[in-house]
Amino acid sequence: MPDIPERRSALVGMEPHDLIRERTGLWIQRLYAPNGLQEPVSGLDLPEQPNTASHKGGVHALWVAPGEYLLVSEEAQTIEGAALSDLSHARTVFRIDAEPARAILAKSCPLDLRLSNFPPGHCAQSGLGSLSPVPILVHHLESGSHMDIYVPRSYGQHVYAWLVDGAI
Amino acid sequence: MILLTCPHCGPRGISEFTYRGDATVARPTAPEGVDDTSWVEYLHLRDNHKGPHDELWHHVQGCRRWLRVRRDVVTHKVISCCDLAGDPAGDVAESNP
Ligand SMILES: [Zn+2]
């Protein structure tokens, strides 16, 4: 299995925060399959509904657009039979407990993250902040315990500072 | 907040979308033969309708799909919203400046 090349934290020099933790060393791929997978791909189970996620064998598959998925795993995976773009170094990922995540994101993100509308296993893309919102992807983990927030890595420090402010 | 219901993502805040212009404008099929007046008209001149209007919107912070929205510009009532790829006049997206 290929390794994930190491990369330093996007938050070097910033104060750690109890609630908002960075997830590093993730294997993140975009899968583009506009006509669906031609044949089942071992290790992959794609969500059928928009704005939902599925998981199989440690690989989470998040719907991001019709025929487009984000694959995330804590370990590098070998996927045969599907075209992937490696985004492992292109995203900064934050993990927040689900309850505070709802409260923090409610301050600056237009998504309706109430449990009734955004139950565990759901994911959604949106913007964070006003004026020129940063693109984010929020994933409510299947267990319901946490939310993971994906942002382009170059916005990592900005979003972290924004979330920390929101947590006050 | 004004909501727009994306055919894929469901109801979302309007800040996730970008307005990309009049959906009824068609690029001249043979641009090399178009005179300046017609070209200016195609590029810059727009009618200012009152009432229902077809518009292009890009769900840029969601699924990033181009949408055709029929909206009453007086009341903001959205009459229909569909993905351009599923629209018989879907080529408008590429021809709109
Ligand atoms: Zn959408």
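Everything quoted here is computed from the prediction, not taken from an experiment.

Reading the values: rules and limits
- Residues numbered from 1 in each chain as written.
- Chains lettered and ligands numbered in written order.
- Predicted model: local features only at pLDDT ≥ 70, side-chain atom pairs only at ≥ 80, totals over all residues.
- Heavy atoms only, no water.
- Buried < 20%, exposed > 50% of the residue type's maximum accessible area, 1.4 Å probe, protein only.
- Helix = DSSP H or I, 4+ residues; strand = E, 2+ residues; numbered from the N terminus.
- Pairing = 2+ DSSP bridges.
- Donors = N, O, S within 2.8 Å, 3.2 Å for Na, K, Ca; no water.
- Tetrahedral: all angles 85-135°; square planar, octahedral: opposite > 155°, others 65-115°.
- 1 Å grid on protein atoms, 1.4 Å probe; cavity = no way out; pocket = protein on both sides within 12 Å on 5 of 7 lines; lining within 4 Å.
- Points joined across faces, edges and corners; volume = space filled by probe spheres on them.
- Nonpolar A, V, L, I, M, F, W, Y, C, P; charged D, E, K, R; others polar.
- Domains from an automatic or database assignment.
- Contact = heavy atoms within 4.5 Å.
- Buried area = accessible area lost by both parts, 1.4 Å probe.
- Salt bridge = Lys/Arg side-chain N within 4 Å of Asp/Glu carboxyl O.
- Polar contact = N/O pair within 3.5 Å; in protein donor to acceptor, adjacent residues only side chain to side chain.
- pLDDT = per-residue confidence, 0-100.
- Phe/Tyr/Trp six-rings, centres within 6.5 Å; stacked < 30°, edge-to-face > 60°.
- Axes fitted to C-alpha atoms, helices over the stretch in contact; angles between N-to-C directions.

For this particular structure, what's the right way to read the pairing of strand β7 (residues 91-97) of chain A?
Residue and element names in this part refer to chain A. The buried fraction of β7 amounts to 5 of the 7 residues, a majority that puts the element mostly inside the structure. Taken together, the 7 bridges between β7 and strand β10 (residues 146-152) define a ladder with antiparallel strand orientation. Following the sheet pairing, Phe94 is matched in β10 by Ile149.

Before we go on, may I ask you to explain the coordination of the zinc ion in this structure?
Around a metal, the idealised angle for a tetrahedral arrangement of four donor atoms is 109.5 degrees; for an octahedral arrangement of six donor atoms it is 90 or 180 degrees. All names here are of chain B. Note on the zinc ion: its protein donors are Cys6 (SG), Cys9 (SG), His59 (ND1) and Cys63 (SG). The metal-donor distances range over 2.0 to 2.5 Å. Classification of the site at the zinc ion rests on its 4 donor atoms, whose angles at the metal span 104 to 116 degrees, yielding the label tetrahedral. Between the donor residues of the zinc ion, the gaps in sequence give the motif C-x2-C-x49-H-x3-C. With a gap of 57 residues between them, Cys6 in strand β1 (residues 3-6) and Cys63 in the loop between β4 (52-58) and β5 (66-72) connect regions that are remote in the sequence. Across the pair, Cys63 and Cys6 agree in class, each one buried.

How should I be thinking about the layout of surface pockets in this particular structure?
A water-sized probe rolled over the atoms picks out the places where empty space is left. When its volume is computed, the largest pocket comes out at roughly 300 Å³. The wall of the largest pocket is formed by 16 residues, among which Asp112 and Asn117 of chain A together with Cys9, Pro11 and Arg12 of chain B lie closest to the centre. When contributions to the lining of the largest pocket are tallied by element, the ones reaching two or more residues are β8 (123-128) of chain A together with β2 (10-13) of chain B. By residue number, the principal contributor to the lining of the largest pocket is β2 of chain B, which donates 4 residues. Looking at the lining of the largest pocket, its residues break down into 9 nonpolar, 5 polar and 2 charged.

Explanation requested: the domain arrangement of chain A in the structure shown.
Where the parts come together, the accessible area they lose is often given as the size of the interface. Residues and elements named next belong to chain A. Splitting chain A by domain gives domain 1 (27-86) and domain 2 (89-166). Spacing between the C-alpha centres of domain 1 and domain 2 amounts to 20 Å. Each side of the interface is counted separately: domain 1 has 13 residues, and domain 2 has 11 residues. Overall, the association of domain 1 and domain 2 removes approximately 1,000 Å² of surface from exposure, summing both partners, and the carbon and sulfur fraction of that is 59%. Its largest share of buried area at the contact with domain 2, domain 1 owes to Ile28, Asn51 and Leu62, together 36% of the area lost on that side. The interface formed by domain 1 and domain 2 contains 0 salt bridges. The interface formed by domain 1 and domain 2 contains 4 residue pairs in polar contact (both at pLDDT 80 or more). Those elements that provide at least two residues to the side of domain 1 that touches domain 2 are β2 (27-32), β3 (53-56), β4 (59-65) and β5 (68-73). Tallying contributions element by element places β4 first for the side of domain 1 that touches domain 2, with 4 residues.

Is there a simple way to explain the confidence of the model for chain A in this structure?
Taken over all residues, the pLDDT of chain A has a mean of 92, while the share at 70 or more is 99%. By mean pLDDT, strand β6 (residues 84-86) of chain A is the weakest element of chain A at 93, and β10 of chain A is the strongest at 98.

In this structure, what is going on with the packing of aromatic side chains? I would like to understand it.
One pair of aromatic rings is described through two measures. These are the centre distance and the angle between the planes. Evaluation of the coordinates by the stated rule reveals 3 aromatic pairs over all chains. Seen from their ring centres, Phe94 of chain A and Tyr160 of chain A are 5.9 Å apart, and the 25 degrees between their planes marks the pair as stacked. Separated by 66 residues along the polypeptide, Phe94 of chain A in strand β7 and Tyr160 of chain A in helix α2 (residues 156-166) bring together distant segments of the chain. On the basis of relative accessibility, which here comes to 0%, the residue Phe94 of chain A falls in the buried class. Taken together, a centroid distance of 5.2 Å and an interplanar angle of 50 degrees make the contact between Trp39 of chain B and Tyr42 of chain B tilted.

Honestly, the sheet that holds strand β1 (residues 21-23) of chain A in this entry has me stumped. Any pointers?
Sheet strands line up and pair through hydrogen bonds in the backbone, either parallel or antiparallel. All names here are of chain A. An order of β1-β7-β10-β9-β8 is seen for the 5 strands of this open sheet, with the pairing classed as antiparallel. The open sheet has two free edges, formed respectively by β1 and β8, since each of these has just one partner strand. For this sheet, the mean angle separating the axes of adjacent strands, direction not counted, is 30 degrees. Taken together, the 4 bridges between strand β9 (residues 134-140) and β10 define a ladder with antiparallel strand orientation. In the sheet register, Leu137 faces β10, and the bridge partner there is Tyr150. Running at roughly 115 degrees to β7, helix α1 (residues 98-105) makes contact with β7, β8, β9 and β10 of the sheet. Contacts from α2 reach β7, β8, β9 and β10, with the element oriented near 15 degrees to β7.

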